Every structure is written in C-alpha cells, then in structure tokens.
2 protein chains.
Amino acid sequence: MSAEFNLIKQYFTRPTAHTDLGIGDDAALIQTSAGHQLAISSDMSVVGTHFFEDAAPYDIGWKSLAVNISDMAAMGAKPRWATLSIALPDINTDWLSAFSAGFFSCANASNVDLIGGDTTRGPLNISVTILGEVPIGKALKRSDAQVGDDIWVSGYLGHAALGLAHLQQKIVLDGDTRDFALSALHQPQPRVSVGLALRELAHSCIDVSDGLLADLSHILKASSSNLNDAVLIGATLQLEKMPCLSALKNRLQESTIQQAILTGGDDYELCFTASPKHRETITILAESLNVNLTRIGETNATGKLTVQFAQQNLNMTALGYDHFA
Amino acid sequence: MSAEFNLIKQYFTRPTAHTDLGIGDDAALIQTSAGHQLAISSDMSVVGTHFFEDAAPYDIGWKSLAVNISDMAAMGAKPRWATLSIALPDINTDWLSAFSAGFFSCANASNVDLIGGDTTRGPLNISVTILGEVPIGKALKRSDAQVGDDIWVSGYLGHAALGLAHLQQKIVLDGDTRDFALSALHQPQPRVSVGLALRELAHSCIDVSDGLLADLSHILKASSSNLNDAVLIGATLQLEKMPCLSALKNRLQESTIQQAILTGGDDYELCFTASPKHRETITILAESLNVNLTRIGETNATGKLTVQFAQQNLNMTALGYDHFA
C-alpha cells in the first residue's frame, strides 16, 4: 500500500483549482454551484479492447479522460472534476510519467481537477469518472429531438476509424492524411465549448462514440419513447454533406470512406438536432468557435433512419447497420 | 455495443429514488442538497488481487460497492449515488445475475442509486465511484486528530484477515468461527450510521482497509502535517482492549490473532479519535446503534505509534509494521 501512496503522490497529485478537499483522504469534497445539477459519467478503457498493447502512454492518458469529457460536452455540462482508477501490470515509471502527462494535459485543457481514484495491480485498465455542472433543467438529453429538426455534427466524421484501419493495415495512409487520422484516433478533442453553447439551441445531443448511425439512432429511439402520441421519429441523412477532409476522400475508395463516416466510432464529435429556425445562429456559432458545424440531414415522423447518396437511398444492411439495434 | 446496452438494461438498471436522470444518456444528472458538500471516492477491484478467481459473484458484487460506501462512512457522509464500470472476460448470465443481486443488495441497504457506468470486454475488473452528501464543513477528515484524543474502533478487527488466512489454508477454522471470519471477508458491513453520528463527536476518522496500524498511522501523519506548531502526533494502543470475537481468540495462537488485529486489512471498520469528554456519549451511541464501539488507546505528542500488551511495548518491526511507511 505504500507503493500505492507513492504512485498517487508522484504521478497523480497536482494542485486543484475548485476543490474543497482533493486526493489524500477517504473521499474528496466538492461543492456544486448554486442553481446547477451535477452531470456524472464513467468510462472504462481496457488494453486490447480500447487501445493496442503498445499504444503511446501519453495518448492513453489523454484519451481516457477525453472520452469522459466528451460525455460532459454532449450533455451541455461544464466538466469540473474527475477520478481515475487504474490497474497496472507492473510499475513502469516511464510509462506512468507519460500517461500522467497526457491525462493532465487533457485535464488542464478543460480545467478539470483530478480529485481521487485508486491504483492497483492487474491487467492494464483505466476507469475514469467525470463530474460536470449544468444549470438546472438545461442539460442536453438524447430524448428531446422533435420531428422536423435539423441534424448537425461537429468537426469531421470517420477520421478515427480510418486511423484505426491504417494501424490495422487495412488501408495505407501517409503524410498529412495519416497524421489527421491518427490524431483523431489518439487525441480526440472533446467539444466542450460547442456543448455549452448548444444548451439554448439544440433539442437533443449525443457524442459520436459508437458511430454516427448507431448514435443518431439512440437519439431517435430515446426521443420516440419520450413522445406521448407514439410518433416514431426517423431521420434522413445526406451522405454528400458529411464532413470528412477532402485529402482523405480523394485518397480512398468511396465505400471505405462511407463506411468510416457512417459507422466508424471513436470520433467524439457531437451529433445534435435543432429547430431550423436556429440555422443562422448555429452557423455563426461555428465561426466564432472555429469548429465545423455541418447540417447533415433532418428528422421526420417515418420512424426510419435513411441515408441518401446521389439522391438514392443507400442499403443500410449493406452498410453493416442493424436498424435500431 | 448492442450487447453492452442489453447488459446494462438487463442487469444494472433499477428504479432510482433520488436521481434527476439515471442510466441511459451520456451522463446522469443529480442535485446536491442545499448546504451540503459532495463526497466522492473511487475503488477498483481486480480478480487475483482483491478476490479469488472462483469467488462467489454475489459477494464480489456486494463487496465492490461496500468498500466504497465504507469511504463515505469514514467521511461522515451519507452515501447517495454510485457508478459501476465493469470489464468482463465473457458474458456469463448466471455470474451477472448473482453479481448484480449482490451489488443491489448492498446498494439498497444504504439507499444508494446506481446512476451510470460502463461495461466492456476484458479481464475481470470492477470500478465503482461513490457519491455522498455531508453538511458543509462537517466531513470527518483524517487530519484533525488532537493530542489527548481517545482512539476507538467499531465492530471487530482481524476477522477478514483470518477469513483470508483460512481460504489460503494458513489456518483452519470451522463452524461459527469460519462463518464469522468469511462473512467479514466477503460481506463487510459499511458503518454508515456510525459515521453519520460521529460528525459531531469525532475529531478524525478513517476506515480500516489496509490494517489498523497502517490506517491509524495515516491519521497520525495527516494530523501532524495539519498542526502549525510542528507537534508530531503519536498514539499508544492497548492490545488487550482490541475487539475480536473470543471464539476466534480461543481457537488460534496468540501471535496469529495479534497479527490479524493489528495488520490485517479488509475489515472496513471505522477507526476514529475523539475527545475524552465524549466517552459516555459514544458508549450510549454504540448501544443505540447496536454496534460495538471500543476504546483501544489514546493519542499523544510522542510522534510514535506504540502497542502495549501485558504492560510491555510490543516490537513493532516484528509485527511486520514499518513505522509511518
């Protein structure tokens, strides 16, 4: 246990900015701002499932926190505090230094205090809980999409999936295209500022972790369940509109790009729905935040999710998409 | 990911009692009661380190939450919410049913809502974050012990360590003695009601997870650091007073019992310090809560931790205790 204390002290204890009692007691103590709800989410990352055995520890540190912060962004919550529990097969100080640097780099970028956690021996496993604040009643849920909403996404889609495909030697990228794709995979940028701005604009929001179609269908399903009059909310998406860097588009087969955009996970961009009356405001927002926000389709009352390309409906099953699975 | 959703829905989604938004969105939403701080702690349990490969899944479920609730008890906080992230090598429905039953049995006993988490594939790993509430400024810290405090413990000490020794075939227990010891090891009872009552009585508190001497030394060290006048707080303990069931005492060698009481971990009893003026109140409290609360020693200004037995100082190094390690 001495070893545990030393590890925590050496690698995971940094000054906190807005915490009453940080690491070192049986629990941390924080105070929620008046008039706010606390948003809480936990994600676990496992070697072999979420990252390769030889992944750079800096990237593992960054991403294990970034995917949690992304959940705050998707709720329109301001990330504030995190706990980190980590199982390590052995004590490798180089690895721990780099992991810790990546973790705190991501924490500092979003002004998150690390306030607690646990270290133990075991197969590499990183479990993070994130806590954020949102004014009462202002959280962006999955369940409030309306029929006739525009559907938007932030940033680019499919880049992380293409980075993974490159590492798996299914495709070959080099130069800038490789760098874009690997950066999306290894160091996703949680869209916190977008999420905060969307509180007053979006009806529903989710972060794209499982793939656009899967995550959008979570919105459609949750919002349909939420309607009293049993309307099944569907959506039509226009594939041509989907944001993906042209350097990648020009480089790869059309089917590879389509698959990555529609079903690739791990992008941690926000997918949200909003009334068409907010189109101009959202466009201005994109400029002011210097983030791409792209309108990719609209919701409807069909209860089906349809993707159009060259004015034809794509075969969803062929895309590997199991409707409302 | 469909499999993940089904697992969460089937095994880990139960009605919540005091949660604004539970499992199913990017984050849960809760509200802290007015005038309260939030206490937060995370613990990770790994197969092979914290429990045996063939441990009963009901017990793993119970204990993985109980050790977290114990951290709330040690802070004088009322446990309210938890998240559960779990890595599973495969989907074994019998195992999941029993694990979930144990987890929720512990949650219900302390009125804790499960509000989120994650399931993934990987070597068995259970990571829990607990959130509780405590009136602002009333948390029981490790760092506020005073010179001249009584030192108390709840329940019994060493039982869990003796249960572990039995499973490791280092000792042989049977009948009631085996049942007591294994129950302490597998289904620790977090002392929440004791912790809540101690808010107005104790100066400092910790739960005994690493062993009495190790955990008490955390109190002494943290409280010494906290004093401006550089007093080093020490303590003298009377081994004869330590609470351990006589059925176990009669059964085993004295040195085995001593070792278990002083250095055995995993009991999750509370060790706390309080002014001698509260002795009678604490004794009455023990009766009203039907929990043993035993006075086992006192703090002093020696900066040393001493254990006396038959009016002699024990050799701490021989006990396997590395002072202030």
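Residues numbered from 1 in each chain as written. Chains lettered and ligands numbered in written order. Predicted model: local features only at pLDDT ≥ 70, side-chain atom pairs only at ≥ 80, totals over all residues. Heavy atoms only, no water.

### Observations regarding the pairing of strand S11 (residues 305-309) of chain B
Residue and element names in this part refer to chain B.
Then, in step 1: The pairing of strand S8 (residues 234-238) with S11 spans four bridges and is classified as parallel. Directly across from Ala235, in S11, lies its bridge partner Leu305.
Then, in step 2: Here S11 folds back onto strand S12 (residues 312-313) in antiparallel fashion, the turn holding two residues, of which Ala310 has a positive phi close to 50°. (Pairing = 2+ DSSP bridges. Helix = DSSP H or I, 4+ residues; strand = E, 2+ residues; numbered from the N terminus.)

### So, the side chain of Arg191(A)
Then, in step 1: Positionally, Arg191(A) belongs in the loop between helix H5 (175-186) and helix H6 (192-198).
Then, in step 2: Once residues within four sequence positions are removed from consideration, Arg191(A) is found in contact with Ala73(A), Ser154(A), Gly155(A), Tyr268(A), Glu269(A), Leu270(A) and Val291(A). (Contact = heavy atoms within 4.5 Å.)

### Thoughts on the sheet that holds strand S9 (residues 270-274) of chain A
All names here are of chain A.
Then, in step 1: Here we have seven strands laid out as an open sheet, ordered S7-S9-S6-S10-S8-S11-S12, and mixed in their pairing. Unpaired on one side and paired on the other, strand S7 (202-207) and strand S12 (312-313) mark the two borders of the sheet.
Then, in step 2: As judged from the four bridges shared by strand S6 (residues 150-154) and S9, these two strands associate in the antiparallel manner. If you follow Trp152 over to S9, its bridge partner there is Phe272.
Then, in step 3: In the packing of helix H2 (residues 57-75) onto the sheet, the strands contacted are S7 and S9, and the crossing angle to S7 comes to about 170°. (Axes fitted to C-alpha atoms, helices over the stretch in contact; angles between N-to-C directions.)

### Overview of the interface of chain B and chain A
Then, in step 1: Tallying the contact residues gives 56 residues for chain B and 57 residues for chain A.
Then, in step 2: Across the interface of chain B and chain A, roughly 4300 Å² is buried in total on both sides, 56% from carbon and sulfur atoms.
Then, in step 3: The largest contributions to the chain B side of the interface with chain A come from Asp26(B), Ile40(B) and Met44(B), which together make up 17% of the buried area.
Then, in step 4: On inspection of chain B and its partner chain A, the count reaches four salt bridges. (Buried area = accessible area lost by both parts, 1.4 Å probe. Salt bridge = Lys/Arg side-chain N within 4 Å of Asp/Glu carboxyl O.)

### With respect to the confidence of the model for chain A
Then, in step 1: A residue-level look at chain A finds 95% of positions with pLDDT of 70 or above and a mean pLDDT of 91.
Then, in step 2: Our summary of model confidence lists the complex with pTM equal to 0.93 and ipTM equal to 0.92. (pLDDT = per-residue confidence, 0-100.)

### Some details on the packing of aromatic side chains
Residues and elements named next belong to chain A.
Then, in step 1: In this structure the tally under the stated criterion is 10 aromatic pairs over all chains.
Then, in step 2: Look at Phe12 and Phe99: their rings are 6.1 Å apart centre to centre, the planes differ by 75°, and that puts the pair in the edge-to-face class. Of this pair, Phe12 sits in helix H1 (residues 2-12) while Phe99 sits in helix H3 (residues 93-109); the two residues are 87 residues apart in sequence, bridging distant segments of the chain.
Then, in step 3: The buried category is assigned to Phe12, whose relative accessible area is 4%. (Phe/Tyr/Trp six-rings, centres within 6.5 Å; stacked < 30°, edge-to-face > 60°. Buried < 20%, exposed > 50% of the residue type's maximum accessible area, 1.4 Å probe, protein only.)

### Observations concerning the relation of the copies chain B and chain A
Then, in step 1: Note on the copies: chain B fits chain A at an RMSD of 0.0 Å, the axial shift is 0.0 Å, and the rotation between them is 180°. Taken together, the rotation and translation relating the two chain copies correspond to the operation of a two-fold axis. (Least-squares fit on C-alpha atoms with pLDDT ≥ 70 in both.)

### Here we look at the sheet that holds strand S2 (residues 36-46) of chain A
Then, in step 1: Strand order in the open sheet made by the five strands is S4(A)-S3(A)-S5(A)-S2(A)-S1(B), with mixed pairing throughout. At either margin of the open sheet sits one strand with a lone partner, and together these are strand S4 (113-121) of chain A together with strand S1 (28-30) of chain B. Averaged over neighbouring strand pairs, the angle between their axes works out to 20° when direction is ignored.
Then, in step 2: Note that strand S3 (residues 78-88) of chain A and S4(A) share eight bridges and pair parallel. Residue Ala82(A) lies in a different strand from S4(A), and its bridge partner there is Leu114(A).
Then, in step 3: Each of S2, S3 and strand S5 (125-135) of chain A together with S1 of chain B touches H2(A); the most contacted strand, S5(A), lies at about 30° to it.
Then, in step 4: Along the sheet, H3(A) contacts S3, S4 and S5 of chain A; its crossing angle with S3(A), the most-contacted strand, is approximately 165°.

### Thoughts on the side chain of Asp215(B)
Then, in step 1: For Asp215(B), the location among the structural elements is in helix H7 (residues 212-225).
Then, in step 2: Here Asp215(B) is buried and forms no salt bridge, its nearest opposite-charge partner Arg142(B) lying at an N-O distance of 5.7 Å. (Lys, Arg positive; Asp, Glu negative; His and termini not counted.)

### Considering H5(A)
All names here are of chain A.
Then, in step 1: Across its 12 residues, H5 extends 16 Å between first and last C-alpha, which sits within 8% of the 16 Å expected from 1.5 Å per residue.
Then, in step 2: Residues of H5 that are buried: Thr177, Ala181, Leu182, Ala184 and Leu185. In an axial view of H5, the angular spread of the buried residues amounts to 155°, which keeps them on one side of the axis.
Then, in step 3: Where the residues of H5 are buried, they touch H2, helix H4 (159-167) and helix H8 (246-251). (Expected span 1.5 Å × (residues − 1). Arc of directions from axis to C-beta.)

### Some thoughts on the pattern of salt bridges
Then, in step 1: Per the counting criterion, the structure on display carries 18 salt bridges over all chains.
Then, in step 2: Between Arg142(A) and Asp26(B) there is a salt bridge; the shortest N-O distance is 3.1 Å. With Arg142(A) in the loop between S5 and S6 and Asp26(B) in the loop between helix H1 (2-12) and S1, this residue pair bridges two chains.
Then, in step 3: Residue classification places Arg142(A) among the buried residues on the basis of a relative accessible area of 10%.

### Concerning unusual backbone geometry
Residues and elements named next belong to chain A.
Then, in step 1: The phi torsion at Gln169 lies on the positive side, around 60°, for a residue other than glycine.
Then, in step 2: Mapped onto the elements of the fold, Gln169 is located in the loop between H4 and H5.
Then, in step 3: Positioned with a positive phi, Tyr268 is a non-glycine residue whose angle comes to about 55°.
Then, in step 4: Topologically, Tyr268 is positioned in the loop between helix H9 (254-263) and S9.
Then, in step 5: Taking relative accessible area as the criterion, Tyr268 reaches 11% and is therefore assigned buried.

### Here's the deal with a nonpolar patch on the surface
Then, in step 1: Where nonpolar side chains cluster on the molecular surface, the patch consists of Phe52(A), Leu164(A) and Leu167(A) and spans about 220 Å² of accessible area.
Then, in step 2: Here Leu164(A) lies in helix H4. (Patch = residues over 30% accessible without salt bridge, like charges linked within 9 Å, V, L, I, M, F, W, Y side chains within 5 Å. Areas by Shrake-Rupley, 256 points an atom, 1.4 Å probe, with all protein chains shown as cover.)

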